[in-house]
Amino acid sequence: MTDLAESLERLRQRFSAQAEAAIDERELDSLRVRYLGRQGEVTQLRRGIGTLPPDQRRDAGKAINDVVAVMEGRLAAASAALQARSFETELASSIDVTFPARKARLGSVHPVRQIIERTCDYFMRHGFAVVLGPEAEPEYYNFDALNIPADHPARENFDSFWLSDGLLLRPHTSPIQVRTMQRYPPPVAIVAPGKCYRRDATDARHLFQFHQVEGLLVAEGIHFGHLKGMLEGLCRELFGRRQKVRFRPSYFPFTEPSAEVDTTCPKCSGAGAPQGTRCGMCGGSGWIELGGAGMVHPNVLREVQYDPETYSGWAFGFGAERLGLALYDVDDIRRFVTSDPDFLVALS
Ligand code: PHE
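Residues numbered from 1 in each chain as written. Predicted model: local features only at pLDDT ≥ 70, side-chain atom pairs only at ≥ 80, totals over all residues. Heavy atoms only, no water.

A. Geometry of the state of the cysteines. Per the counting criterion, the structure on display carries zero disulfides. No disulfide involves Cys265; its sulfur sits 3.7 Å from the nearest other cysteine sulfur, which is in Cys268. The closest cysteine sulfur to the non-disulfide-bonded Cys279 is located on Cys282, 3.7 Å from its own sulfur. (Disulfide = S-S within 2.5 Å.)

Okay, structure coming up:
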């Protein structure tokens, strides 16, 4: 290797190492000046060409030009790498406020709880107190005190889960009526939500564990019109202004007279069989059954030491899930208990 070739190779290696280590454009510029500038090292070598024998000058010039080309390539590559790095640092240290946010995963209040809360709110605004009661009750509160004697066939309507010691899981919230009246003298005005249990086979309309909202008002001069007014008001509050309520004569041992309460089917708006098809929600009747109601039976008042000659009252017990079917246009009651987040969030 000639002297020139050797010096060029060393120079190139030194230059490459320095170009690679440069941390900014200013350093690259000063390298360019130091090696390739007018007083630069390469220029010095180029000046030496004149001292060579004429037959070597062409090759020397070419060798220098080749190394210059390599060095310029290195400078360009180092500068591009520096630019890329500075863009990345800038990105990492800045916040892009236009970037779409990640959606927050919010919980929601369960639809059945929403119904219970809205129902309780309505009654609380009318001066009612919210009362709770135990889920395991003795027969006395579930039946006897509610005018359902041991051999009465009405007990069969409340097919129950029996526990030990004569206790059962309450099949309705009506025991809370008795507990409240035994504890407080008249007048009383309560609303009592809670879980109930019946040995029903589960299907689209039945759950073995469900919720009822009980209502009770006992005072002087209370009549059936008060009951109708309050329940119509509740349905209008829950379903909207145009909701109708229907009272069908019925029988409960603890109320007289008694009624089943229905509300217009929100799916077919009471039409039952719109355009010749049977409404899937109400089965074609145009009505959804919400629960039972009536005037508190004098025997129940007597049992709790209220004088039926002075006091009268109404009571009702609605299924919260039944209200939910009608309110949310749900065709299967089991959807309330299968914990499907999409269903639950859609109703929140
Ligand atoms: N307890 C009754 C039931 O569960 C409903 C009801 C409550 C009826 C209050 C009348 C008065 O079927």
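B. Spotlight on the nonpolar core. Counting residues in hydrophobic clusters, the biggest one holds 50 residues, and the most contacted among them are Phe123, Leu231, Trp314, Phe316, Phe318 and Phe336. A per-element tally of this core places helix H8 (residues 224–239) first, with seven residues. Look past the residues within four positions of Phe336 in its chain and what remains in contact with it is His110, Pro111, Val112, Glu321, Gly324, Leu325, Tyr328, Val330, Phe343 and Leu347. With 25 residues, the next largest nonpolar core counts Ala154, Met181, Phe252 and Val304 among its residues. (Core = buried A, V, L, I, M, F, W, Y, C linked by side-chain atoms within 4.5 Å. Buried < 20%, exposed > 50% of the residue type's maximum accessible area, 1.4 Å probe, protein only. Helix = DSSP H or I, 4+ residues; strand = E, 2+ residues; numbered from the N terminus. Contact = heavy atoms within 4.5 Å.)

C. View of the side chain of Gln114. Tracing the backbone through its elements, the reader meets Gln114 in helix H5 (residues 111–125). Discounting residues that sit within four places of it in the chain, Gln114 has contacts with Val109, Tyr328, Leu347 and Ser348.

D. Examining the site of the ligand more closely. Around the ligand there are 15 residues in total, and His172, Ser174, Arg198, Gln212 and Gly317 lie nearest to it. Here a nitrogen atom of the ligand and a side-chain polar atom of His172 are 2.9 Å apart. Side-chain polar atom of Arg198 to an oxygen atom of the ligand: 2.9 Å apart, as the coordinates give it. Surface burial for the ligand is 94%, taken as the share of its 320 Å² of free accessible area covered by protein chains. (Near = heavy atom within 4 Å. Polar contact = N/O pair within 3.5 Å; in protein donor to acceptor, adjacent residues only side chain to side chain. Areas by Shrake-Rupley, 256 points an atom, 1.4 Å probe, with all protein chains shown as cover.)

E. Structural view of the pairing of strand S6 (residues 245–252). With seven bridges joining them, S6 and strand S7 (residues 255–264) adopt antiparallel strand pairing. Paired with Arg248 across the two strands is Glu260, which belongs to S7. The turn joining S6 and S7, which pair antiparallel and follow one another in sequence, is formed by two residues. (Pairing = 2+ DSSP bridges.)

F. Broad picture of helix H10 (residues 320–328). Counted residue by residue, H10 has eight buried out of nine residues, so it is predominantly covered. Restricting attention to buried positions, one finds in H10 the residues Ala320, Glu321, Leu323, Gly324, Leu325, Ala326, Leu327 and Tyr328. Its buried side turned inward, H10 meets H5, strand S5 (209–219), H8, strand S8 (287–296) and strand S9 (312–319).

G. Spotlight on the pairing of S7. A large share of S7 lies buried, amounting to eight of its ten residues. Two strands pair when backbone bridges link them, and S7 and S8 are joined in this way by eight bridges, in the antiparallel orientation. Bridged to Val261 within S8 is Gly291.

H. Region of the structure containing unusual backbone geometry. Following Pro186, the chain continues into Pro187 via a peptide bond in cis, with omega recorded as 5°. With a phi close to 60°, Asp329 is a non-glycine residue in the positive phi region. Looking at the secondary structure, you find Asp329 in the loop between H10 and helix H11 (341–346).

I. Summary view of the pattern of salt bridges. One pass over the full model with this rule turns up 16 salt bridges. Note that Asp144 is salt-bridged to Arg155, the shortest N-O span being 3.5 Å. Placement of the pair is Asp144 in the loop between helix H6 (139–142) and strand S3 (167–169) and Arg155 in the loop between H6 and S3, with a sequence separation of eleven residues. The shortest N-O distance in the salt bridge between Arg248 and Asp262 comes to 2.8 Å. With Arg248 in strand S6 and Asp262 in strand S7, this residue pair connects regions lying 14 residues apart in the sequence. (Salt bridge = Lys/Arg side-chain N within 4 Å of Asp/Glu carboxyl O.)

J. Quick look at a nonpolar patch on the surface. Where nonpolar side chains cluster on the molecular surface, the patch consists of Met124, Val130 and Leu132 and spans about 290 Å² of accessible area. Leu132 sits in the exposed class, given a relative accessible area of 66%. (Patch = residues over 30% accessible without salt bridge, like charges linked within 9 Å, V, L, I, M, F, W, Y side chains within 5 Å.)

K. Layout of the packing of helix H1 (residues 3–21) against helix H4 (residues 54–93). At a minimum axis separation of 10 Å, H1 and H4 run at an interaxial angle of 5°. In terms of orientation, H1 and H4 fall into the roughly parallel class. Contacts from Leu4, Leu8, Leu11, Arg12, Phe15, Ser16 and Ala19 in H1 reach Ala60, Ala63, Ile64, Val67, Val70, Met71, Arg74, Leu75 and Ala78 in H4. (Axes fitted to C-alpha atoms, helices over the stretch in contact; angles between N-to-C directions. Parallel < 35°, antiparallel > 145°, perpendicular 65-115°, else oblique.)

L. Fine view of the domain arrangement of the protein. Annotation of the protein at the domain level lists domain 1 (2–94) and domain 2 (111–347). A C-alpha centroid distance of 91 Å is found between domain 1 and domain 2. (Domains from an automatic or database assignment.)

M. Representation of the side chain of Asp262. On the basis of relative accessibility, which here comes to 2%, the residue Asp262 falls in the buried class. Here the side chain of Asp262 touches Arg248 through a polar contact of 2.8 Å, side chain to side chain.

N. A look at H1. End to end, H1 covers 27 Å across 19 residues, agreeing with the expected 27 Å (1.5 Å per residue, within 8%). Against helix H2 (25–36), helix H3 (41–47) and H4 lie the buried residues of H1. (Expected span 1.5 Å × (residues − 1).)

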